[in-house]
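This is what each chain is made of:
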Amino acid sequence: MTYYDQNLINKIVNIGLYNQIEINQINEIKSINNIIIGRQQFYFDSHYPKCNSNSIFHSKLSVYNNKLSDEKIDNVTPIQSIDLIFYKINYSEKRIDSYCQRCNKKFIFYFIIEVIDNVVLLEKIGQFPSIATISQANIKKYQKVLINDYKDLNRAIGLFSHGIGIGSFVYLRRILENLIEEIHELEKNNNKEWDEEKYIKKRFGEKVKLFESHFDKKLIELFQPLYSILSLGVHQLSEETCLDYFPIMKDVIEIILDKKLAEKEEEQKYLDARKNLNDLNQKLKS
C-alpha cells in the first residue's frame, strides 16, 4: 500500500496563494511523490459552489512511469529521497486534479515545487474554484449580523486568497473593533450617565471589559488575544507570518459571529413565538 499524509493534504487545500509548505520529513516526501504522480488517491472535505453544499473530493489514480516505490524511499535518508524524486524528475510546475463525489466536477490546484538546500518547497500558485469563491458561500450567513462589515470580511478573505496577509489582518481587526463599537453606540444613546470623553481614552481591552456583560464569557476570553495578534500583524509581522496565522484568526472571528448569529436567531424565535401566542390568545377570546 502506498502512503499519503492527510495533514499534508489539508495544508495543501487550505493555504492561500503564494504561500509555501516546507516538506522535509520522509512521510511527507513519500506522500507528495505518490499524490503528484497519481499512484495514491487522496480525499478532503470542502464547500463546492457548483453543488452549493459541502462535499468530499477525491483524486484519481493514473498510469505513471516513475518506478520509485515507497520501499525504495524507506531505504534512503530524507536528503537522498529528495534527490531521487525531485532532482531526477521534472516537478517544477504541477497541477493536481480532484473530483466532487456529488457532481464529479473538478477542484484544481496549481503548484510550483522547488528544492532549496535539500528542502522541498511547495507553493500554491492557483486553484479553481478560488478560495474567495468557496469562502463566500461559507460566510454568507453572517450578512445577518455584519450589516456594515460583511464587505470587510469578504475583502479580508479575498486579500488572503491573493497572498496579501497584512491587508487581510486590517479588515479582520476592523470587524472586531466594530463589534465593540455597536455596543458603544447603544450605551452612548441609552445610558444617561454615559461619559464619552472618558470612554475614548480607554484601550481596546478596557473597552471589552466595560462591555463584558453584553458578551458570552467564553467570547470575552477571545477578544483581547485576538485583537493583540491582529494589531501585531498590522504593525510588525511579515506578510508570510500573517498568511500563516490568517486561518486561525478567521476561525476565531467566525466563532464570535456564530455566537452572535445564534443569539439573533434565538431572539427572533422568541419574538415569533410570543406573537403567535398573543394571536392565538386573542382568537380564543373572540
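These numbers were taken from a predicted model, which means no experiment stands behind them.

S.K.: Go over the confidence of the model for the protein with me, naming the residues and quoting the values.
M.R.: Should pLDDT be low for a region, the predicted coordinates there are not to be read in detail. When the pLDDT values of the protein are averaged, the result is 83; 86% of them are 70 or greater. Predicted confidence in the protein is weakest over helix H3 (residues 70–74), with a mean pLDDT of 54, and strongest over helix H7 (residues 165–190), with 94. Contacts from residues 63–68, a stretch scored under 50 in pLDDT, to residues over four places away or in other chains number 13 contacts.

S.K.: Describe unusual backbone geometry, and please don't skip the residues or the numbers.
M.R.: The residue after Phe128, namely Pro129, is reached through a cis peptide bond having omega 0°. Tracing the backbone shows Pro129 in the loop between strand S6 (119–128) and helix H5 (131–139). The phi torsion at Tyr18 lies on the positive side, around 65°, for a residue other than glycine. Within the secondary structure, Tyr18 sits in the loop between helix H1 (6–14) and strand S1 (20–23). Classification of Tyr18 by relative accessible area gives partly exposed; the value is 46%. With a phi angle near 65°, Asn104 is a residue other than glycine that sits in the positive phi range. Topologically, Asn104 is positioned in the loop between strand S4 (93–100) and strand S5 (106–116). Given the relative accessible area of 44%, Asn104 is considered partly exposed.

S.K.: Which residues make up the sheet that holds strand S3 (residues 53–58), and what values go with them?
M.R.: Strand order in the open sheet made by the six strands is S1-S6-S5-S4-S3-S2, with antiparallel pairing throughout. The sheet is open, and its two edges are formed by S1 and strand S2 (43–48), each paired on a single side. Taking each pair of neighbouring strands and ignoring which way they run, the sheet shows an average axis angle of 35°. Here six bridges tie S2 to S3, and the two strands are oriented antiparallel to one another. Bridging from a neighbouring strand, Asp45 pairs with Ile56 of S3. Strand contacts of helix H2 (residues 26–36): S1, S4, S5 and S6, with the helix running at about 120° to S1, the strand carrying the most contacts.

S.K.: How would you sum up the packing of helix H6 (residues 150–161) against helix H11 (residues 239–285)? Please name residues and give values.
M.R.: Relative placement of two packed helices is described by the angle separating their axes and the distance separating the axes. Axis separation between H6 and H11 bottoms out at 11 Å; the angle between their running directions is 160°. Taken together, the axes of H6 and H11 are roughly antiparallel relative to one another. You can see that H6 and H11 cross each other, and the crossing is left-handed. Side by side, H6 and H11 meet where Leu153, Ala156, Ile157 and Phe160 of the first sit next to Leu243, Phe246, Pro247, Lys250 and Leu257 of the second. Along the lines of polarity and charge, the residues of the contact of H6 with H11 split into eight nonpolar, no polar and one charged.

S.K.: Can you lay out the pairing of S5 for me, pointing to particular residues and giving the numbers?
M.R.: Pairing of S4 with S5, which is carried by seven bridges, proceeds in the antiparallel orientation. Within S5, the position partnered with Ser98 by the bridge is Phe107. Taking the residues between adjacent antiparallel strands as the criterion, S4 and S5 are bridged by five residues, where Asn104 takes a positive phi near 65°. Summarising the sheet, S5 and S6 pair through nine bridges and their orientation is antiparallel. Bridged to Val115 within S6 is Val120. The hairpin formed by S5 and S6 contains two residues between the paired strands, and Asp117 there has a positive phi angle of roughly 55°.

Cut-off values and rules
- Residues numbered from 1 in each chain as written.
- Predicted model: local features only at pLDDT ≥ 70, side-chain atom pairs only at ≥ 80, totals over all residues.
- Heavy atoms only, no water.
- pLDDT = per-residue confidence, 0-100.
- Helix = DSSP H or I, 4+ residues; strand = E, 2+ residues; numbered from the N terminus.
- Contact = heavy atoms within 4.5 Å.
- Buried < 20%, exposed > 50% of the residue type's maximum accessible area, 1.4 Å probe, protein only.
- Pairing = 2+ DSSP bridges.
- Axes fitted to C-alpha atoms, helices over the stretch in contact; angles between N-to-C directions.
- Parallel < 35°, antiparallel > 145°, perpendicular 65-115°, else oblique.
- Left-handed = near helix turned anticlockwise from the far one by under 90°.
- Nonpolar A, V, L, I, M, F, W, Y, C, P; charged D, E, K, R; others polar.

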